[in-house]
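Residue-level structural notes
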Amino acid sequence: MRQKLMILLTTLVVLGLLAACSQADENALVVATDATFPPFEYIDEATKDIVGFDMDLMDAIAERAGLEINYQNVSWDPLLAGMADCQYDMAISAMTITADRAEAFSFSDPYINAGQIVVVGINNDTIGGPDDLVGTTIGAQLGTTGAMEAEAIAESSVKVYDTYELAFLDLANGQIDAVIADYPTAVAFVNQNAARLQVVGEVFTDESYGIAFCKGNDALIDQVNAALAELQAEGFIDQLVITWYGDAD
Ligand code: ARG
């Protein structure tokens, strides 16, 4: 009898703790990210954690601003739609600040610059940069600024993929002529497959990344911008570039 009572009490305590935990989780702000985009956000194969430049930055901001956050891994295209619908409180996902996006949701101050670059097969000696892409088949991740740049090239046929990993795989297999992607990410994928891929030409767009917010959350945006400014002034972001880009800069 006494034993049964103990088991019952223990069960109640455990249930109470579980409820308290999920309560804390419910209060945490949901930060969406498409963790397929090294070195900014990707899954560490060994630990299965979401890691990268953006996580280090967001974690530091959260600590400064006293925010509790939970990352949610969401594919890029639904992430953009979800931000517009306020399904997430924030998103950090190497997201270029564009006028169109700024109509659907809000952005922090910019935290880093990263333009587009062309990647081709290692044996390709006809494409040396964006000017040589006229009439070619170009791959990019669906809904990215890279895909928009690809569309803007005359007579291009654009193939969009759910992730950049798939686009680079098709390029390595000779299915497409080129990929247009953010420079640090292009370098990260080329480094994973340097026997088959190469970066060509110069960065040809000027883009800044921002943290996205569900519209109307001005107090949170102010808190994040204040923390971001402090971290920038302290050289924390420069340090992240060194840590995560390696020789890409
Ligand atoms: N900077 C580009 C854009 O905003 C690509 C970002 C893709 N990010 C990602 N995590 N997949 O369109």
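Everything below is about the structure printed above this text.
Residues numbered from 1 in each chain as written. Predicted model: local features only at pLDDT ≥ 70, side-chain atom pairs only at ≥ 80, totals over all residues. Heavy atoms only, no water.

What follows deals with the overall build of the chain. Tallying secondary structure elements over the chain gives 9 helices and 15 strands in all. Counting all 249 residues of the chain, 46% fall into the buried class. Contacts in the chain between residues far apart in sequence, at least 24 positions, make up 68% of those at least 6 positions apart. Element-wise, carbon and sulfur atoms account for 52% of the exposed surface of the chain, whose accessible area totals about 12400 Å². (Helix = DSSP H or I, 4+ residues; strand = E, 2+ residues; numbered from the N terminus. Buried < 20%, exposed > 50% of the residue type's maximum accessible area, 1.4 Å probe, protein only. Contact = heavy atoms within 4.5 Å. Areas by Shrake-Rupley, 256 points an atom, 1.4 Å probe, with all protein chains shown as cover.)

This paragraph deals with the site of the ligand. Lining the immediate environment of the ligand, one finds 14 residues, of which Asp-34, Ala-94, Arg-101, Thr-145 and Asp-182 sit closest. At 3.0 Å from a nitrogen atom of the ligand is found a side-chain nitrogen or oxygen belonging to Glu-41. Residue Thr-145 places a main-chain N or O atom 2.8 Å away from an oxygen atom belonging to the ligand. Summarising the interface, the protein chains cover 100% of the accessible area of the ligand, which totals 350 Å² for the free molecule. One can see that the ligand is located within the largest cavity. (Near = heavy atom within 4 Å. Polar contact = N/O pair within 3.5 Å; in protein donor to acceptor, adjacent residues only side chain to side chain. 1 Å grid on protein atoms, 1.4 Å probe; cavity = no way out; pocket = protein on both sides within 12 Å on 5 of 7 lines; lining within 4 Å. Sits in = over half its atoms within 2 Å of the grid points.)

Before going further, it helps to examine the side chain of Thr-163. With respect to the helices and strands, the residue Thr-163 is situated in the loop between strand 11 (157-161) and helix 6 (164-172). Setting aside its immediate chain neighbours within four residues, Thr-163 contacts Thr-36 and Gln-141.

Right, let's get into the packing of aromatic side chains. One pair of aromatic rings is described through two measures. These are the centre distance and the angle between the planes. Summed over all chains, the structure comprises 12 aromatic pairs. The structure contains a cluster of three or more aromatic residues connected by ring pairs, namely Phe-37, Phe-40, Phe-53, Tyr-111, Tyr-164, Phe-168, Phe-189, Tyr-209 and Tyr-245. (Phe/Tyr/Trp six-rings, centres within 6.5 Å; stacked < 30°, edge-to-face > 60°.)

Peptide bonds are mostly trans, and most non-glycine residues show a negative phi. Here the residue pair Pro-38 and Pro-39 is connected by a cis peptide bond, since its omega of 0° sits within 30 degrees of zero. The phi dihedral of Ala-94 is positive, around 50°, even though this residue is not glycine. Mapped onto the fold, Ala-94 is located in the loop between strand 6 (90-91) and helix 4 (99-104). By relative accessible area, which is 5% here, Ala-94 ends up buried. Unlike most non-glycine residues, Glu-155 shows phi in positive territory, near 55°. The topology assignment puts Glu-155 in the loop between helix 5 (145-152) and strand 11. Owing to a relative accessible area of 67%, Glu-155 belongs among the exposed residues under this scheme.

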